[in-house]
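Given next are the chains, with one letter for each unit.
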Amino acid sequence: MKFASSYEPGEYESDIYAAWEASGIFNPSVPTYPIDDNGDGVDDREGEEFEAYSIVMPPPNANGNLHIGHGLTVALEDSLIRYYRLKGLSTWYVPGADHAGFETWVVYERELEKQGHARFEFNRDELYARVWDFVAEQRGNMELQLRALGASCAWDDLTFTLDENVVDRVYTTFEKMWNDGMIYRGEKLVNFCPKHRTAFADIEVEHKDEKGTLWEIAYDDIVVSTTRPETLFGDTAIAVNPEDKRYKDRIGKTVHLPLTDREIPIIADEHADPEYGTGAVKITPAHDFDDFEVGERHNLERIQVIAEDGTMINVPERYDGLTTEECRKLVLADLKEQGLLKGEKKIEHSVAHCYKCGTVLEPMLKEQWFVDVQKLARVAIEHLEAGEIKFYPDNKRRVVIDYLKNLKDWNISRQIPWGIAIPMFRKITPEATDEPDWIFDRRTNLAEIEKAGVKYIRDEDTFDTWFSSSHWPIVCTGWTEENYNPYYPLNVMETGADILFAWVARMIMMGLYVTGEVPFREVYLHGLVLDAHGKKMSKSKGNVINPMDLVARFGSDAFRLGILRGRSAGMNQAFSENSVIAGRNLCNKLWNIARLVQSIVDEASEHLFSEPASPSSTSYTGTPTEPSLRDEPVGSVRNIRLSRSNRKMLREKGASDASGDYTTSNMGEDWICREINDCLEAVERDMAEYRFAEAVETLYQTIWDKYADWFLESQKLFQNTELLKQTLETLLIALHPFAPFVTEAIWQNLSWTDGFIATAKWPGRLQFDPIAAEQFENIRTIVNEVRGTLQALPGTNNSKKYGLLYDNDSLVQENELLIKNLTKVPTINSLDGAPRGLRLALANHEVYLDVPEKVVVEYKGALTERILAVGRELDALNARMMNPNYVEKAPRHLVKETEEQIEEKQALISRLKRELELI
RNA sequence: GGGUCUUUAGCUCAGUUGGCUAGAGCGCAGCAUUCACAUUGCUGAGGUCAGAGGUUCGAGCCCUCUAAGACCCACCA
């Protein structure tokens, strides 16, 4: 037995993935469909052009586990890859693993601490080797998890962010920038985490609004306001606004710096806001970003008073070595004692924090490597404004441009050992005066090098990970200066909207700088997956949802379908487990659809041949009883078939080849063909515009509400095996990008399919008779009306009690059996004699429910209500037509439609009134 | 301070360039039960589309303002 009564994902998923992977179909060098597609011995690719489709995965942390955001990423990216693979493109989904410089370092440093060590006990090479081993030990989990999610990536091409080719490429770029004069070493204020002892780029800083105190301190007779009294030892001036009358005559004079014996000048600078505090501000160029700039304008001395470990230096002995916090208390106490503390105010201000440990960052004067971003940003802006990259959502393009316009030089030095070493060496042979102080060299494995007799030592810093990550599309596609590479630029960069600036903007700048081309043609940004209540997931809140738990409970497909549901580009959205359950149910539904179709196919082959068609088709021993309606007299079925023209519907060229041609023989068959075609069209349109949720929704409705609930129900009467096979295949293929496992599991279990569905051909359109398809809508209307009315009638089990009568209605007559089957009414008869029972409110059909007079009377209220409702609709339509502007200005087809509707409603309402009178 | 986004059913969300009676899943209520599927079928209730104004023959959709919320950027001592 091939199809169990329910789909159990756990029994299939890992085997299916292993089979895919072993077959090499995820590899881009392999054609995505058989070379000889139609078995005629000729290579079908002859003369065809292969289109490439590439996506590189935003690399998950190599030694971590996937979180739900990765789950979303895979669901989105793999759907695209699988869709375009089915479309016949040569797809390449490059997987990645991130060394996650700072993140991993923080984890490892904690580990070191646990072992009772400090990082300063080891040199950089030792630390690097230790973290490498640590990562190697932990590695692999996330790669298995990607497989569990069904990511159809080319595993042979997995790129680790510390791979040799990555480092090479990063060094090449750095060298080019160095030669182009875009790299400089500067002593600047950087955001520095005293706990992790490293600097950050502006973008890594987390600003939080906090309550603080603004103290007023007297510097002689001038009172300044400050939130950081402990830095006064680093003050080298007082600034006042040049327009400020209060201080005009003091400019150029000096004041005494409290607690010291220094005099500092009073300078005029726009930075001082006369409205704020006392209008005078102390200037500490070494410990404040604004003051640094003021200092540059006025050539002020920079006195560093806080060391990298967060303790005081270069201060009077009394304060030396204290932490900033201790020092602040002591300074305030001393000032108070001397009567210099003039006041304090509670204020709210924004404070920079380490995004990892939350420590308050210290602006620190440090020599670092900077990238002059002016040119990079300018070029990127030009290409963006020219619209070379399409953004989903669209508004993010503008947001990136604005970001790039205000971008400041980029600090790429990090004082952590886990990362790509900066390939710069400092001269230590002082007498070699003609040689530059710094040289570029790739030999970063050496702590010291010699060149032309001059000795240099290595800079111990590593690159900001975003510097190397910005090369991701280049390194993952193996782009080189020499070769044509159809996979670069990428078709799309899919990633989180939260790293739009840190990553996407930098990839654009770097891609253009290195290759001269934008690195991707489109960008799809997804929002955050929030918890069920719309809150951000975080470990501390304990509301983190593990995608692997969901995969284990509901299956990979269910997870993918569930997480895509209702999600749109760039939007944060709450995660709903119910959507995953709905996905699981769809998988099971599809499974059972296949089970039914297979059983029909098996039965048909038993009828055709005295011997079973194939061993597999008879191995099915599911429900032995035949559907009762199949026992209907064959004659009546045949009559229906004969009453329709013998139309042979050839499939469109390019449609799936797995089954033979079909002939539609009843209007339900034409109808489902039309619905499936519409569905395919919608899915194609949605995929082109990254409307994943809509594509899934359409497939869900088509499979469940149309295929199962109407088409398969009608096929219980007349089985069109060829059409069943082909429509099932079509739906399986169409759903495959979103639910790869269940569709493959079914494909493998069906008796007539070959190969993998993962490499099947995207279906063409089905042929059908549009008039017949439209007529089936009438049947649906009749059936719906019968069902609804039966439910509304008093009593239970009405569908068993009352039959259906019709008068002069060929549609009902021809489809008696079908209507009977779908409504479950016991009988359908032509009306003999005068009308009786309850007439259905169908405008164009004379159909009665054969209910006794008593029931009709009881139904009177409902009928009255119905008349009122139709009356309201009619009023609305009439009002529209009374408006001369509508008749004049609205498109003619709409006006005509309104007129027709009015006629229809009027006919209906007068008929209903007559019915009411008769009761 | 600047910017982006959100507000539609009890919950989570769709609603493509304005066009008829605003949809889905889950939840809820009722009915069904030898059926491929209870991970089921059928039926139903539930919405002043945040509020106010405007444009238009016509607005959930476009414009203005207001309110509530989320996020991003920024040097406010």
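Residues numbered from 1 in each chain as written. Chains lettered and ligands numbered in written order. Predicted model: local features only at pLDDT ≥ 70, side-chain atom pairs only at ≥ 80, totals over all residues. Heavy atoms only, no water.

Chemist: Even after reading the chapter, I still don't get the overall build of chain A, so can you show me in this structure?
Modeler: When its secondary structure is counted, chain A shows 30 helices and 30 strands. C-alpha extents for chain A along the principal axes are approximately 120 × 70 × 55 Å. For chain A, the proportion of contacts with a sequence separation of at least 24, taken over those separated by at least 6, is 75%. Counting every atom, chain A has about 41100 Å² of accessible surface; 48% of that belongs to carbon and sulfur. Taken as two groups, the 104 positive and 151 negative side-chain charges of chain A have centres that lie 4 Å from each other. (Helix = DSSP H or I, 4+ residues; strand = E, 2+ residues; numbered from the N terminus. Contact = heavy atoms within 4.5 Å. Areas by Shrake-Rupley, 256 points an atom, 1.4 Å probe, with all protein chains shown as cover. Lys, Arg positive; Asp, Glu negative; His and termini not counted. Charge placed at Lys NZ, Arg CZ, Asp CG, Glu CD.)

Chemist: Sorry if this is basic, but what is going on with the packing of helix H1 (residues 9-23) against helix H22 (residues 740-749) here?
Modeler: A pair of packed helices is captured by two measures, namely the crossing angle of their axes and the spacing between those axes. One way to put it is that H1 packs onto H22 with a least axis distance of 10 Å and a crossing angle of 80 degrees. With respect to their mutual orientation, H1 and H22 come out roughly perpendicular. Facing H1, whose interface residues are Tyr12, Glu13, Ile16, Tyr17 and Trp20, H22 presents Pro740, Phe741, Glu744, Ala745 and Asn749. (Axes fitted to C-alpha atoms, helices over the stretch in contact; angles between N-to-C directions. Parallel < 35°, antiparallel > 145°, perpendicular 65-115°, else oblique.)

Chemist: Is there a simple way to explain the sheet that holds strand E10 (residues 254-256) in this structure?
Modeler: Paired through their backbone hydrogen bonds, the strands of a sheet run either parallel or antiparallel. The four strands lie next to each other as E10-E11-E9-E12, forming an open sheet whose pairing is mixed. Each end of this open sheet is capped by a strand with a single partner; those strands are E10 and strand E12 (280-283). Averaged over neighbouring strand pairs, the angle between their axes works out to 35 degrees when direction is ignored. Two strands pair when backbone bridges link them, and strand E9 (residues 237-240) and E12 are joined in this way by four bridges, in the antiparallel orientation. When the sheet's bridge partners are listed, Ile238 is paired in E12 with Lys282. (Pairing = 2+ DSSP bridges.)

Chemist: What is the right way to look at the protein's contact with RNA strand B in this model?
Modeler: In the vicinity of RNA strand B lie 63 residues, with Asn578, Asn592, Trp704, Lys889 and Glu897 positioned nearest. Each atom of RNA strand B within 4 Å of the protein was classed as base or backbone; sugar and phosphate made up 66%. Residue Asp290 places a side-chain N or O atom 2.4 Å away from a sugar or linking oxygen belonging to RNA strand B. Here a phosphate oxygen of RNA strand B sits 3.5 Å away from a polar atom, N or O, in the side chain of Lys408. It is helix H16 (residues 577-608) that provides the largest number of residues to the surface near RNA strand B, a total of 10 residues. (Near = heavy atom within 4 Å. Polar contact = N/O pair within 3.5 Å; in protein donor to acceptor, adjacent residues only side chain to side chain.)

Chemist: How do you make sense of the sheet that holds strand E16 (residues 410-411) when you look at a structure like this?
Modeler: If you walk across this open sheet you meet the four strands as E6-E5-E14-E16, and the pairing is antiparallel. Edge positions in the sheet fall to strand E6 (198-200) and E16, since each of these pairs with one other strand and no more. For strand E5 (residues 183-193) and E6, the ladder comprises three bridges, and the chain directions are antiparallel. Bridge pairing links Asn191 to Phe200 in E6.

Chemist: I keep staring at the nonpolar core and nothing clicks. Help me out?
Modeler: Side chains of a nonpolar character, in soluble globular proteins, are inclined to be buried together. Counting 220 residues, the largest nonpolar core has Phe391, Leu404, Phe467 and Tyr707 as its most contacted members. With 12 residues, the single largest contributor to this core is helix H13 (residues 500-515). Sequence-distant contacts of Leu404, that is, excluding residues within four places in its chain, are made with Ala377, Ala380, Ile381, Leu384, Ala505 and Met509. In this structure, Tyr219, Val224, Ala280 and Ile306 belong to the second largest nonpolar core, which totals 27 residues. (Core = buried A, V, L, I, M, F, W, Y, C linked by side-chain atoms within 4.5 Å. Buried < 20%, exposed > 50% of the residue type's maximum accessible area, 1.4 Å probe, protein only.)

Chemist: Is there a simple way to explain the environment of Ser54 in this structure?
Modeler: As for its position among the elements, Ser54 is in strand E1 (residues 52-56). Overall, Ser54 belongs to the buried group, its relative accessible area being 1%. Residues Ser54 and Pro473, spaced 419 residues apart in sequence, show a C-alpha to C-alpha distance of 9.7 Å. The contacts of Ser54, once residues within four sequence positions are left out, are Trp92, Tyr487, Pro489, Leu490, Asn491 and Val492.

Chemist: Just checking my understanding: could you explain the environment of Thr324 for this structure?
Modeler: As for its placement among the helices and strands, Thr324 is situated in helix H8 (residues 324-337). A residue is classified by how much of its surface remains accessible, and Thr324, at 17% relative accessible area, is buried. Sequence spacing of Thr324 and Pro229 is 95 residues, and the spatial spacing of their C-alpha atoms is 9.7 Å. When near neighbours in sequence (up to four residues on either side) are disregarded, Thr324 contacts Arg228, Glu230, Ile306, Gly310, Met312 and Glu362.

Chemist: Would you mind going over the state of the cysteines with me for this structure?
Modeler: Simply put, the disulfide is a covalent bond whose two ends are the sulfur atoms of two cysteines. Going through the model one piece at a time under the given rule, you end up with zero disulfides. Cys153 takes part in no disulfide bond, and the closest cysteine sulfur to it belongs to Cys476, at a distance of 11 Å. Cys153 gets classed as buried once you look at its relative accessible area, which sits at 1%. (Disulfide = S-S within 2.5 Å.)

Chemist: Any chance you could explain the packing of aromatic side chains here in plain terms?
Modeler: For any pair of aromatic rings, the description rests on two quantities: the centre-to-centre distance and the angle between the ring planes. Enumeration over the complete set of coordinates arrives at 40 aromatic pairs. Taking 4.9 Å as the distance between ring centres and 80 degrees as the angle between the ring planes, the aromatic pair formed by Trp369 and Trp438 counts as edge-to-face. Within this pair, whereas Trp369 is found in strand E14 (residues 362-371), its partner Trp438 is found in strand E19 (residues 438-440), the two being separated by 69 residues in sequence. Given the relative accessible area of 1%, Trp369 is considered buried. Here the guanidinium or amino end of Lys188 rests over the ring plane of Phe370, the centre of that ring lying 4.5 Å away. Positioned above the aromatic ring of Tyr700 is the side chain of Arg565, whose terminal nitrogen or guanidinium carbon lies 4.7 Å from the ring centre. (Phe/Tyr/Trp six-rings, centres within 6.5 Å; stacked < 30°, edge-to-face > 60°. Lys NZ or Arg CZ within 6 Å of the ring centre and 35° of its normal.)

The quantities given are spatial measurements derived from coordinates; they are silent on function.
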